[in-house]
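Listed below are the residues making up each chain.
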Protein chains: 2
Amino acid sequence: MLKQETLSKNQQIVLDFIEKVNEPIKAYSILHNVQKKGIKAPLQVYRALDKLVEIGKIHKIESRNAFVACKNSNCQISKATAFSICESCEEVSEISDSKLSKYLKNFQDKAGMKFNKYNLEFFGLCKKCSIK
Amino acid sequence: MLKQETLSKNQQIVLDFIEKVNEPIKAYSILHNVQKKGIKAPLQVYRALDKLVEIGKIHKIESRNAFVACKNSNCQISKATAFSICESCEEVSEISDSKLSKYLKNFQDKAGMKFNKYNLEFFGLCKKCSIK
DNA sequence: TACACAATGTTATATTATAACAATTAACAC
DNA sequence: GTGTTAATTGTTATAATATAACATTGTGTA
Ligand SMILES: [Zn+2]
Ligand SMILES: [Zn+2]
Ligand SMILES: [Zn+2]
Ligand SMILES: [Zn+2]
């Protein structure tokens, strides 16, 4: 079978919603918001999320247990992700910095482990929150 | 009051156990293992974990919801952490690489956000698992 | 002593995520 | 089209992770 090109019904419903809100959102919040579309159970959401993460349409913000749409066409299928997170307002942005991603992709640890994936989360205060 | 120098009873019990197992361990697994020491409830474990993370004695592996003792005396109180994670055997090592930490500490994102903390998780196969 | 704050103990509950199994749908080979 | 396989869905129940709320006790300091 060829690699799936179109999303399934539930996957599309979940993705549409995540793209619409345009900020990190939690699984059960997604569930509440797509129940009118016929998605009734957590598993239906989590299965869609798993697939969407796998194909790189969304990312999971691990420290927040939240999901956000990918804004970065050249982030290779979720294998190299970086985010900035404001600890005050919880605003999250995906970092797209070719120098950073190049540096991390080529990073070699001392144990000689070969990496195929990384996730980096920066924390601080966004500009808005710094002023306050 | 001066900054705490000695750990409290529960904090010490939890830290002792985490250091003994010497690999990432989950909160409820800690709970089961320290019940003989008098810790009975999840909150007692989570409160100790919170404090130990705060003072840098342990770190949370966000992608695994697990906690591991710090092996790295110069990781500044949990504000700059990096790990390698084997996706096959789940072995986790704390990366101590001064070049990497320097690079990340000085990283400036395009939005001009000032970071005070980061967490980086690399995924791949450890040497042992690569051979198989 | 009196105060402030950290830590504890305890019960209940909230939040996040998966197990298990049956049924349906989509893609492919022939 | 038929049979085959894999992906997706639907559904109920439950597991795993984490916090709320409140009363109490301990500890350092003035
Ligand atoms: Zn992305
Ligand atoms: Zn902010
Ligand atoms: Zn450390
Ligand atoms: Zn391994």
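On a predicted model such as this, the values are computed, not experimentally measured, just so you know.

## Some thoughts on the pattern of salt bridges
Residues and elements named next belong to chain A.
Piece 1. For the structure on display, the rule yields seven salt bridges over all chains.
Piece 2. Residue R64 is joined to E90 by a salt bridge in which the shortest nitrogen-to-oxygen separation is 2.6 Å. Placement of R64 in the loop between β1 (58–61) and β2 (66–69) and of E90 in the loop between β3 (80–86) and β4 (92–94) is noted, with a sequence separation of 26 residues between them.
Piece 3. With a relative accessible area of 23%, R64 lands in the partly exposed category.

## Description of helix α4 (residues 98–105) of chain B
Piece 1. Taken as a whole, α4 of chain B has its buried residues at L100, S101 and L104 of chain B. Projection of α4 of chain B onto a plane perpendicular to its axis shows the buried side chains occupying an angular sector of 95°, all on one side. Opposite its buried face, α4 of chain B presents the exposed residues S98, K99 and K102 of chain B, each directed more than 90 degrees away.
Piece 2. Buried residues belonging to α4 of chain B abut α4 (98–105) and β5 (114–125) of chain A together with β3 (80–86) and β5 (114–125) of chain B.
Piece 3. Where α4 of chain B starts, the residue carrying a side-chain oxygen 3.1 Å from the main-chain nitrogen of K99 of chain B turns out to be D97 of chain B.

## Here we look at the protein's contact with DNA strand C
Piece 1. Close to DNA strand C lie 19 residues; K26, L43 and K60 of chain A together with Q44 and R47 of chain B are nearest.
Piece 2. Looking at DNA strand C alone, sugar and phosphate atoms form 48% of those within 4 Å of the protein.
Piece 3. In the model, a base nitrogen of DNA strand C is placed 2.8 Å from a nitrogen or oxygen of the Y28 of chain A side chain.
Piece 4. Of all elements in the fold, only α3 (42–54) of chain A together with α1 (9–21) and α3 (42–54) of chain B reach the threshold of two or more residues within the surface near DNA strand C.

## Quick look at the interface of chain A and chain B
By a widely used convention, the size of an interface equals the accessible area lost when the partners come together.
Piece 1. Residue-level contacts link 32 residues of chain A with 32 residues of chain B.
Piece 2. For the pair chain A and chain B, the summed buried area comes to about 2800 Å², and 61% of that belongs to carbon and sulfur atoms.
Piece 3. At the boundary of chain A with chain B, the tally comes to two salt bridges.
Piece 4. Here K117 of chain A and E87 of chain B are joined by a salt bridge, their closest N and O atoms 3.3 Å apart.
Piece 5. Linking chain A with chain B are twelve residue pairs in polar contact (both at pLDDT 80 or more).
Piece 6. Those elements that place two or more of their residues in the side of chain A that touches chain B are β3, α4 and β5 of chain A.
Piece 7. At twelve residues, the largest contribution of residues to the side of chain A that touches chain B is made by β5 of chain A.

## A look at the domain arrangement of chain A
Residues and elements named next belong to chain A.
Piece 1. The domains assigned to chain A are domain 1 (9–69) and domain 2 (80–131).
Piece 2. Each of domain 1 and domain 2 was reduced to a C-alpha centroid, and the two centroids are 22 Å apart.
Piece 3. Taken together, both faces of the contact between domain 1 and domain 2 bury some 690 Å²; the carbon and sulfur share is 57%.
Piece 4. Between the two partners, domain 1 and domain 2, sit one salt bridge.
Piece 5. Our count for the domain 1 to domain 2 interface comes out at four residue pairs in polar contact (both at pLDDT 80 or more).
Piece 6. Secondary-structure elements contributing two or more residues to the side of domain 1 that touches domain 2 are β1 and β2.
Piece 7. With three residues, the single largest contributor to the side of domain 1 that touches domain 2 is β1.
Piece 8. When grouped by side-chain class, the residues that make up the side of domain 1 that touches domain 2 number four nonpolar, two polar and three charged.

## Here we look at the protein's contact with DNA strand D
Piece 1. Taken together, 20 residues sit near DNA strand D, with S8, Q44 and R47 of chain A together with K26 and K60 of chain B positioned nearest.
Piece 2. The sugar-phosphate portion of DNA strand D accounts for 48% of its atoms within 4 Å of the protein, the bases making up the rest.
Piece 3. R47 of chain A is positioned with one of its side-chain polar atoms (N or O) 2.5 Å from a base nitrogen of DNA strand D.
Piece 4. Interatomic distance of 2.6 Å between a side-chain N/O atom of K60 of chain B and a phosphate oxygen of DNA strand D.
Piece 5. Of all the secondary structure elements, the ones that give two or more residues to the surface near DNA strand D are α1 (9–21) and α3 of chain A together with α3 of chain B.
Piece 6. In terms of residues, the surface near DNA strand D owes the most to one element, α3 of chain A, which gives four residues.
Piece 7. Residue classes in the surface near DNA strand D are distributed as seven nonpolar, six polar and seven charged.

About the thresholds
- Residues numbered from 1 in each chain as written.
- Chains lettered and ligands numbered in written order.
- Predicted model: local features only at pLDDT ≥ 70, side-chain atom pairs only at ≥ 80, totals over all residues.
- Heavy atoms only, no water.
- Salt bridge = Lys/Arg side-chain N within 4 Å of Asp/Glu carboxyl O.
- Helix = DSSP H or I, 4+ residues; strand = E, 2+ residues; numbered from the N terminus.
- Buried < 20%, exposed > 50% of the residue type's maximum accessible area, 1.4 Å probe, protein only.
- Arc of directions from axis to C-beta.
- Contact = heavy atoms within 4.5 Å.
- Polar contact = N/O pair within 3.5 Å; in protein donor to acceptor, adjacent residues only side chain to side chain.
- Near = heavy atom within 4 Å.
- Buried area = accessible area lost by both parts, 1.4 Å probe.
- Domains from an automatic or database assignment.
- Nonpolar A, V, L, I, M, F, W, Y, C, P; charged D, E, K, R; others polar.

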